[in-house]
Amino acid sequence: VAITTRLLVSHLSGIRHYEKDITKVKEEKEKANRALKPTTTYQDKKQKEDKEIEKTDSVKPRKEQEGEVKSRSSKPGRRDKEFEQEEYYLKEKFEGVIESLKIFKNDPLFFKPGDQFLYSTYGFTLLSAVVERVSGQKFTDYMLKMFRDLDMLSTVLDDNEAMIYNRARCYVYNKKGRLVNAPYVDNSYKWAGGGFLSSVGDLLKFGNALLYSYQAGQFKNTNSKLLPGYLKPDTVAMMWTPVPKTEVSWDRDGKYAMAWAVVEKKQQCGCCRQQRHYASHTGGAVGASSVLLILPEELDSEAIDSGLVAPPRGVIVSIICNMQSVSLSSTALKIAREFDKEKWAQ
């Protein structure tokens, strides 16, 4: 088979994630698909809720506490099972991305590349090895130079040995629902898929650079005063275009593109729900959760041609939480919509 960089970046390569058992992966996919198609009637749901209330009245304080814990996680059952995977808690120090390929290089592909979507951190590990060989530099050096170009000076490797100013402590909930320190892990085996520390300010800079690049080509009458974007407009547009056969677990309306989940602009009927175009990505690690959402402004031709406005135009939401399994995507979207609504109200 042939695995291209486009397949890797869209999670269509067939390379496994943390789960090694393909049967379990298929079962989880089927559960997720069923969850998107609710069949329970209102009456059945009401009867079930009434029974649950009767059962839990005697132990209400404990159940309420557990409910609070569960409400903080997106699809808690799936998330909890995912964080039971042993490879999340590797403590081995890897000297380079090529060396970290040994974790999965001899494992079979779960499907033919291009046939199915399967989110894979290890797919991005292989992608980082490609970047290293093509650039002729260590992947970590290449990325740190890029972060410096983008003025993301607080974005660094999650290196346990290094003294990192303002590094936050990470937390998890234990089986009793109590907040405890996250276990020690070494993320050197997955720099590309979850090995960097950052700040909300740096993620906003990253979002602004992408949004600027995306919109820069739309502004024509700027007397050549507009600097080029860090990426070409067509490159960002391609990154934010849904790829066939992909899916997104954290956004019902979304599809996966190239390293981003995207929702396309859509309205099926007049006076019905309008769907705005935006791009986002969540992050989940041992003891931490994050999201970055970019909602581009819908620019009219008059604003573009007048030269009175310049990119980036839109709303960017960045949230980082030093706690595991926290659902942030819906919160980020609500925040973005509120700021967008406020702008148009002015």
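Along each chain, residues carry numbers from 1 onward, in the same order as the chain's sequence is written. In keeping with the model being predicted, local features are shown solely for residues with a pLDDT of at least 70 and side-chain atom pairs are shown and tallied solely at 80 or more, while totals for entire chains, interfaces and linings include all residues. Side-chain numbers here rest on the full set of heavy atoms in the structure, without hydrogens or water.

1. What about the overall build of the chain?
Point 1. By the criteria applied, helices consist of DSSP H or I runs no shorter than four residues and strands consist of E runs no shorter than two, each listed in order from the N terminus. Secondary structure assignment for the chain yields 13 helices and nine strands.
Point 2. Carbon together with sulfur atoms contributes 53% to the accessible area of the chain, which is approximately 21,100 Å² in total. For the area figures, the Shrake-Rupley method with a 1.4 Å probe applies, and any residue is considered shielded solely by the protein chains shown.

2. Some words on the pairing of strand β7 (residues 278–285)
Point 1. Taken together, the three bridges between strand β6 (residues 261–263) and β7 define a ladder with antiparallel strand orientation. Paired with Val263 across the strands is Tyr278, a residue of β7.
Point 2. Here, strands pair whenever DSSP counts at least two bridges between them. Summarising the sheet, β7 and strand β8 (residues 288–296) pair through seven bridges and their orientation is antiparallel. Residue pairing across strands places Thr282 opposite Val291, the latter belonging to β8.
Point 3. Connecting β7 to the antiparallel partner β8 that follows it, the hairpin turn spans two residues, and Gly287 within it adopts a positive phi of roughly 85°.

3. Looking at the packing of aromatic side chains
Point 1. Two rings from Phe, Tyr or Trp (for Trp, the six-membered ring) form a pair when their centres are within 6.5 Å of each other. A pair whose planes differ by under 30 degrees is stacked, one over 60 is edge-to-face, and the rest are tilted. Applying the stated rule across the entire model yields 11 aromatic pairs.
Point 2. Each ring, one from Tyr122 and one from Tyr189, has its centre 6.5 Å from the other, and the planes form 50°; the classification is tilted. Here Tyr189 lies in the loop between β3 (179–181) and α9 (191–194) and Tyr122 lies in helix α7 (residues 121–135), a separation of 67 residues in the sequence.
Point 3. With a 1.4 Å probe rolled over the protein chains alone, any residue whose accessible area is under 20% of its type maximum counts as buried; one over 50% counts as exposed, and the rest are partly exposed. Residue Tyr122 is classed as buried on the basis of its relative accessible area, which comes to 0%.
Point 4. Geometrically, the ring pair formed by Phe147 and Phe196 is edge-to-face, given 5.2 Å between the ring centres and 85° between the ring planes. Taken as a pair, Phe147 in helix α8 (residues 139–149) and Phe196 in strand β4 (residues 196–197) lie far apart in primary sequence, 49 residues in all.
Point 5. Judged by relative accessible area, Phe196 falls into the partly exposed class, the value being 24%.

4. Considerations on the pairing of β8
Point 1. The buried fraction of β8 amounts to seven of the nine residues, a majority that puts the element mostly inside the structure.
Point 2. Of the strand pairs in this sheet, β8 and strand β9 (residues 314–321) are connected by eight bridges, and their pairing is antiparallel. Each residue of the ladder has a partner; that of Leu293, found in β9, is Val317.

5. Quick notes on empty space enclosed by the protein
Any empty space left between the atoms is revealed when a probe the size of a water molecule rolls over them.
Point 1. Grid spacing is 1 Å over the protein atoms alone, the probe is 1.4 Å, and a cavity is where that probe fits but cannot get out, while a pocket is an open set with protein on both sides within 12 Å along at least five of seven lines and lining residues have an atom within 4 Å of a point. Grid points are joined across faces, edges and corners, and a volume is the space filled by probe spheres set on the points. Scanning the model with the defined rule gives two cavities of 30 Å³ or more in all.
Point 2. In this structure, the largest cavity occupies an estimated 80 Å³ of space.
Point 3. What lines the largest cavity is Ile22, Val25, Lys26, Lys29, Phe110, Phe111, Gln116, Phe117 and Leu118.
Point 4. Three classes are used: nonpolar for Ala, Val, Leu, Ile, Met, Phe, Trp, Tyr, Cys and Pro, charged for Asp, Glu, Lys and Arg, and polar for all others, with Gly counted as polar. Its residues placed into classes, the lining of the largest cavity shows six nonpolar, one polar and two charged.

6. Focus on the nonpolar core
Point 1. The set of buried Ala, Val, Leu, Ile, Met, Phe, Trp, Tyr and Cys residues whose side-chain atoms join them within 4.5 Å is what this entry labels a nonpolar core. Ranked by size, the top nonpolar core spans 49 residues in total, and within it Tyr122, Leu210, Trp240, Trp260 and Ile294 carry the most contacts.
Point 2. Those elements that provide at least two residues to this core are α1 (5–9), α7, α8, α10 (200–216), α11 (233–239), β6 and β8.
Point 3. Contact between two residues is taken to exist if any of their heavy atoms lie within 4.5 Å; hydrogens are not considered. Here Trp240 is in contact with Leu210, Leu211, Tyr214, Ala257, Trp260, Val262, His277, Ala279, Ile294 and Pro296, once residues within four sequence places are set aside.
Point 4. Counting residues in each nonpolar core, the second largest holds 15 residues, with Leu293, Cys321, Met323 and Leu328 among its members.

7. Quick word on α8
Point 1. Within the span of α8, buried status applies to Phe139, Thr140, Met143 and Phe147. Looking down the long axis of α8, one finds its buried residues gathered within 95° of arc, a one-sided arrangement.
Point 2. Looking at the buried side of α8, the elements it contacts are α6 (97–100), α7, β1 (156–157), α9 and β4.
Point 3. The first or second residue beyond α8 is Asp151, which carries a positive phi of 65°. Of all possible arcs, the one meant is that of the directions from the helix axis to the C-beta atoms.

8. Focus: the pattern of salt bridges
Point 1. Whenever a carboxyl oxygen of Asp or Glu lies within 4 Å of a side-chain nitrogen of Lys or Arg, that contact is scored as a salt bridge. A full pass over the atoms with the stated rule returns 14 salt bridges.
Point 2. When the shortest N-O distance is used, the salt bridge between Glu298 and Arg276 registers 3.4 Å. Pair noted here: Glu298 is in the loop between β8 and α12 (301–306) and Arg276 is in the loop between β6 and β7, with a separation of 22 residues, a long-range link.
Point 3. One network of salt bridges, in which partners are shared, links Arg16, Lys20, Glu87 and Asp107.

9. A few points about the confidence of the model for the chain
Point 1. Each residue carries a pLDDT score, the predictor's confidence in it, ranging from 0 to 100. Of the residues in the chain, 83% have a pLDDT of 70 or more, and the chain-wide mean is 86.
Point 2. With pLDDT under 50 throughout, residues 55–79 is counted as low confidence; its partners more than four residues away or in other chains account for 22 contacts.

10. Brief notes about a nonpolar patch on the surface
Point 1. Residues qualify for a patch when their relative accessible area is over 30% and they have no salt bridge, like charges being joined within 9 Å and the nonpolar side chains of Val, Leu, Ile, Met, Phe, Trp and Tyr within 5 Å. A cluster of nonpolar side chains, namely Val1, Ile3 and Leu109, defines an oily patch on the protein surface of about 270 Å² accessible area.
Point 2. In this fold, Val1 is placed in the segment before α1.

11. Comments concerning the state of the cysteines
Point 1. Disulfide: a pair of cysteine sulfur atoms within 2.5 Å of each other. The tally for this structure, following the rule as stated, stands at zero disulfides.
Point 2. Residue Cys170 stays outside any disulfide, its sulfur separated by 9.3 Å from that of Cys321, the closest cysteine.
Point 3. Here Cys271 is not disulfide-linked; the sulfur of Cys272 is the nearest cysteine sulfur, at 7.2 Å.

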